[in-house]
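# Topology and contacts: notes
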Amino acid sequence: MSGASSSDKTSGPWVDINLGAVAANYATLRAGAPNAEMAAVVKCNAYGLGLAPIAKTLAGLNCKTFFVAYPEEGAELRDVLKPLNADAAIYVFNGPLPQTMALFQSAKLTPVLNSLEQAKTWAAQCDGAPAALHIDTGMNRLGAPLSEVDAIAALSGLNINLVMSHLACATDPAHPKNDEQCKLFAAIAKDFPHARASLSASGGALMDARFHFDLIRPGIALYGGSPFDVDEPRLKPVAVLRAPVVQIRNIAPGETVGYNASFKATAPTRLATVALGYGDGMPTSGSGSAQAVIAGGRARVAGRISMDLISLDVTDHKNPIKTGDIATFFGEEISLFEAAKSCNTSAYELLTGLGGRVDRRYL
Ligand SMILES: *Cc1c(COP(=O)(O)O)cnc(C)c1O
């Protein structure tokens, strides 16, 4: 049975967010990389779970280094952290642009420099403030190409306190590219003896010590999502997505359900219509395949997921189901990993896609 009952007063979907599980995952990651500093990635509203409550929880665990993607996120985080740890380091992955330099300075953000051009922009105006340098070791996304590294190292006025790179294939720990990137990064990091080195997000953090360097920077694992192509039992679920039944109906063989009539009943069918849709972040790609747990049993989505509604096929349920009962889509019996698979997406996309209408409830 789900932990929620129909007495929970709500008309729409919500996500229970277990901050104790964030703390447990933090401890697990930390224990797995005892010689590295444990930083936290809180970009994209802490993966959809709420920047302020998550960052406060992490600061309370003595996390002192945070990563976001955009400087605006960093400025918001600075305000959140100010009363807790005014000296927390906030790194911004996407680095500075001429038009964001002022924000970096006013919010005391540390940029991650991703090119010679960005390094020049920063060096000209930073006044000795520290920066990180992201060196691309094979992902070919963001980060300075190897051909620019010498020129960046030779710039005067730069104070590089962290060199980092990013693994392209950490979803599969056995992928040979992990080893290649690790060796290449170790060699380049030696050129920056005064900077700390960081290679690993969640995947590398849960791999062996060669990948840990001086600092690990996990995101998804803190929030209970496996960074791998398989579920990760070392992590505790953090987010539980729930929504109430708004209507029960019975249809006859031959009748159809929802837009495009993509589900057709072949036998007498009982449906529970639930207040959750793609507008709340339940992807349309889960149509016909995603499942929920309701009244002690599993039910599959019947037909197309709509903006605000999902139909569950509850024909085979042993227990009676009534309006107001709560369906749980992930986080308990159905792991975030399983839910993401059934929607042909990732844990990252499911969490960051949770809509603004989904009430965040902190436990
Ligand atoms: C998002 C991000 C991370 C965190 O990744 P997870 O897989 O969520 O742990 C770390 N490093 C970089 C460069 C990122 O963009």
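Residues numbered from 1 in each chain as written. Predicted model: local features only at pLDDT ≥ 70, side-chain atom pairs only at ≥ 80, totals over all residues. Heavy atoms only, no water.

### So, the site of the ligand
Taken together, 14 residues surround the ligand, and among them Lys43, Tyr47, Ser202, Gly219 and Tyr348 come closest. Residue Tyr47 places a side-chain N or O atom 2.5 Å away from an oxygen atom belonging to the ligand. Ile220 places a polar main-chain atom, nitrogen or oxygen, 2.8 Å from an oxygen atom of the ligand. When isolated, the ligand has an accessible area of 390 Å², and the protein chains bury 90% of it. Of the residues contributing to the shell around the ligand, the split by class is eight nonpolar, three polar and three charged. (Near = heavy atom within 4 Å. Polar contact = N/O pair within 3.5 Å; in protein donor to acceptor, adjacent residues only side chain to side chain. Areas by Shrake-Rupley, 256 points an atom, 1.4 Å probe, with all protein chains shown as cover. Nonpolar A, V, L, I, M, F, W, Y, C, P; charged D, E, K, R; others polar.)

### Quick look at the packing of aromatic side chains
Scanning the model with the defined rule gives six aromatic pairs in all. Here Phe104 and Trp122 contribute two aromatic rings whose centre-to-centre distance is 5.9 Å and whose plane-to-plane angle is 70°, an arrangement assigned as edge-to-face. With Phe104 in helix H5 (residues 101-106) and Trp122 in helix H6 (residues 116-125), this pair connects stretches of sequence that are 18 residues apart. Trp122 sits in the buried class, given a relative accessible area of 1%. (Phe/Tyr/Trp six-rings, centres within 6.5 Å; stacked < 30°, edge-to-face > 60°. Helix = DSSP H or I, 4+ residues; strand = E, 2+ residues; numbered from the N terminus. Buried < 20%, exposed > 50% of the residue type's maximum accessible area, 1.4 Å probe, protein only.)

### A few points about the packing of helix H3 (residues 51-60) against helix H4 (residues 71-81)
Two elements in contact, H3 and H4, have axes whose closest approach is 10 Å; the angle formed by their N-to-C orientations is 55°. By the angle between their axes, H3 is oblique relative to H4. The crossing of H3 and H4 is right-handed. Of the residues in H4, those in contact with Leu51, Ala52, Ala55, Lys56 and Ala59 of H3 are Glu73, Glu76, Leu77, Val80 and Leu81. (Axes fitted to C-alpha atoms, helices over the stretch in contact; angles between N-to-C directions. Parallel < 35°, antiparallel > 145°, perpendicular 65-115°, else oblique. Left-handed = near helix turned anticlockwise from the far one by under 90°. Contact = heavy atoms within 4.5 Å.)

### Side note on the state of the cysteines
Tallying each qualifying case throughout the model produces zero disulfides. Take Cys63: it sits in no disulfide, and the sulfur closest to it among the cysteines is that of Cys44, at 18 Å. Classification of Cys63 as buried rests on a relative accessible area of 2%. Cys182 forms no disulfide, and the closest cysteine sulfur to it belongs to Cys169, at a distance of 13 Å. (Disulfide = S-S within 2.5 Å.)

### Focus on the nonpolar core
Counting residues in hydrophobic clusters, the biggest one holds 114 residues, and the most contacted among them are Leu58, Leu312 and Phe329. A domain-level breakdown of this core finds at least three residues from each of domain 1 (19-223) and domain 2 (239-362). Discounting chain neighbours no more than four positions away, the residues touching Phe329 are Leu241, Ala243, Val274, Leu276, Met282, Gln291, Ala292, Ile310, Leu312, Ile334 and Ala339. Ranked by size, the runner-up nonpolar core spans six residues in total, among them Ile251, Val257, Phe263 and Leu271. (Core = buried A, V, L, I, M, F, W, Y, C linked by side-chain atoms within 4.5 Å. Domains from an automatic or database assignment.)

### Side note on the domain arrangement of the protein chain
Along its sequence, the protein chain is organised into domain 1 (19-223) and domain 2 (239-362). Each of domain 1 and domain 2 has a C-alpha centre, and these two points are 37 Å apart. Listed as interface residues are nine residues of domain 1 and, on the opposing side, eight residues of domain 2. Here domain 1 meets domain 2 over a buried area of about 810 Å², counting both sides, of which 72% is carbon and sulfur. Among the residues domain 1 hides against domain 2, the three largest losses belong to Tyr47, Leu49 and Ile220. Together they make up 54% of the total. Where domain 1 meets domain 2, there are zero salt bridges. Here domain 1 and domain 2 share two residue pairs in polar contact (both at pLDDT 80 or more) between them. For the side of domain 1 that touches domain 2, a count of residues per class yields seven nonpolar, two polar and no charged. (Buried area = accessible area lost by both parts, 1.4 Å probe. Salt bridge = Lys/Arg side-chain N within 4 Å of Asp/Glu carboxyl O.)

### Describing the sheet that holds strand E3 (residues 40-41)
Backbone hydrogen bonds are what pair the strands of a sheet, in a parallel or an antiparallel way. On the basis of which strands lie adjacent, the open sheet formed by seven strands has the order E3-E4-E5-E6-E7-E8-E9 and parallel pairing. The open sheet has two free edges, formed respectively by E3 and strand E9 (196-198), since each of these has just one partner strand. Where strand E4 (residues 65-68) meets strand E5 (residues 89-92), four bridges bridge the pair, whose relative direction is parallel. The residue bridging Phe66 from the neighbouring strand is Ile90, located in E5. (Pairing = 2+ DSSP bridges.)

### Notes on the pairing of strand E8 (residues 159-164)
Bridge count for strand E7 (residues 130-134) against E8 is five bridges, and the pairing is parallel. Looking at E8, one finds that Pro130 is bridged to Asn159. In this view, the connection linking E7 to its parallel neighbour E8 by way of helix H7 (residues 146-153) has right-handed handedness. Pairing of E8 with E9, which is carried by three bridges, proceeds in the parallel orientation. In the sheet register, Leu162 faces E9, and the bridge partner there is Arg196. With respect to chirality, the unit in which E8 leads through helix H8 (residues 176-189) into the neighbouring parallel E9 is right-handed. (Right-handed = clockwise from strand over helix to strand, strands pointing away.)

### Considering unusual backbone geometry
In the Ramachandran plot, Asn62 falls in the positive-phi region, its phi being about 80° despite a non-glycine side chain. With respect to the helices and strands, the residue Asn62 is situated in the loop between H3 and E4. Take Asn62: its relative accessible area is 48%, and that puts it in the partly exposed class.

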